[in-house]
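# A look at the structure
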Amino acid sequence: MNTTADNVLPPATLALVSLAAFVAANHPKKGLCQLEILRNLAVPQAQIDLVLDIARHLRDEAGQIIDSEFNTVFAPEANAAVASVATGGACCTPTAKGNKCC
């Protein structure tokens with residue numbers, strides 16, 4: 001039987017997940033509260049940087065795909081190459097820094 005205690009994430013994990021969600025969603029609060037929590041928990045900056053890199057990559061990739069699909073409707077000839085790159089192949093591409101996001 002699961003209790004509430006069984007379903008609780010460690011505070012650092014919860015803050016990392018929340019930070020990633022805020023950034024990936026382009027939330028107006030930007031995850032600044034989570035960043036403060038992570039620093040107070042002494043989470044290594046390298047871990048925070050990794051999470052931020054992945055979240056930004058996913059946010060940017062989503063925007064590119066949406067823009068490409070929009071552009072395809074209004075200028076299909078000019079944007080065909082961009083559309084195939086933005087929506088093609090792999091389910092997850094590495095970030096510009098080479099970090100895997102899945």
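These lines cover the structure that appears in this document, whether it is placed above or below. (Residues numbered from 1 in each chain as written. Predicted model: local features only at pLDDT ≥ 70, side-chain atom pairs only at ≥ 80, totals over all residues. Heavy atoms only, no water.)

## Considering the overall build of the protein
For the protein, the count of helices and strands is four helices and zero strands. By the burial criterion, 25% of the 102 residues in the protein qualify as buried. For the protein, the proportion of contacts with a sequence separation of at least 24, taken over those separated by at least 6, is 51%. Summing over all exposed atoms, the protein offers an accessible surface of approximately 7,200 Å²; the carbon and sulfur share of this is 62%. (Helix = DSSP H or I, 4+ residues; strand = E, 2+ residues; numbered from the N terminus. Buried < 20%, exposed > 50% of the residue type's maximum accessible area, 1.4 Å probe, protein only. Contact = heavy atoms within 4.5 Å. Areas by Shrake-Rupley, 256 points an atom, 1.4 Å probe, with all protein chains shown as cover.)

## Quick notes on the pattern of salt bridges
Under the counting rule described, the total for this entry stands at one salt bridge. Its salt-bridge partner being Asp60, residue Arg59 comes within 3.1 Å of it at the nearest N-O pair. (Salt bridge = Lys/Arg side-chain N within 4 Å of Asp/Glu carboxyl O.)

## Describing unusual backbone geometry
One non-glycine residue, Asn26, adopts positive backbone phi at about 55 degrees. Turning to its location among the elements, Asn26 is positioned in the loop between helix 1 (11-24) and helix 2 (32-40). Phi at Lys30 takes a positive value of approximately 65 degrees, unusual for a residue other than glycine. Examined against the element boundaries, Lys30 turns out to sit in the loop between helix 1 and helix 2.

## Quick look at a nonpolar patch on the surface
On the surface, a cluster of nonpolar side chains totalling about 260 Å² of accessible area is made up of Leu9, Leu14 and Val17. Note that Leu14 resides in helix 1. Exposure remark for Leu14: the relative accessible area of 46% places this residue in the partly exposed category. (Patch = residues over 30% accessible without salt bridge, like charges linked within 9 Å, V, L, I, M, F, W, Y side chains within 5 Å.)

## Structural notes on the nonpolar core
Core analysis: the largest hydrophobic core is formed by 11 residues, namely Ala15, Leu16, Leu19, Val23, Leu35, Leu38, Val43, Ile48, Val51, Leu52 and Ala55. When residues of this core are traced back to their parent elements, those giving at least two are helix 1, helix 2 and helix 3 (45-74). Sequence-distant contacts of Val23, that is, excluding residues within four places in its chain, are made with Lys30, Leu52, Ala55, Arg56 and Arg59. (Core = buried A, V, L, I, M, F, W, Y, C linked by side-chain atoms within 4.5 Å.)

## A short note on the packing of helix 1 against helix 2
Axis separation between helix 1 and helix 2 bottoms out at 9 Å; the angle between their running directions is 150 degrees. On the basis of the axis angle, helix 1 is roughly antiparallel to helix 2. Between helix 1 and helix 2 the crossing geometry is left-handed. For the pair helix 1 and helix 2, contact is made by Ala12, Ala15, Leu16, Ser18, Leu19 and Phe22 and by Gln34, Ile37 and Leu38, respectively. In the contact of helix 1 with helix 2, the residues fall into seven nonpolar, two polar and no charged. (Axes fitted to C-alpha atoms, helices over the stretch in contact; angles between N-to-C directions. Parallel < 35°, antiparallel > 145°, perpendicular 65-115°, else oblique. Left-handed = near helix turned anticlockwise from the far one by under 90°. Nonpolar A, V, L, I, M, F, W, Y, C, P; charged D, E, K, R; others polar.)

## Concerning the side chain of Gln34
Here Gln34 lies in helix 2. When sequence neighbours within four positions are dropped, the list of residues in contact with Gln34 reads Ala15, Ser18, Leu19 and Phe22.

## Details of the packing of aromatic side chains
Applying the stated criterion across every chain, the model contains one aromatic pair. Between Phe70 and Phe74 the ring centres are 4.8 Å apart and the planes differ by 45 degrees, which places this aromatic pair in the tilted class. Here Phe70 and its partner Phe74 are both found in helix 3, four residues apart, which amounts to about one turn of the helix. Just as Phe70 is exposed, Phe74 falls in that class too. (Phe/Tyr/Trp six-rings, centres within 6.5 Å; stacked < 30°, edge-to-face > 60°.)

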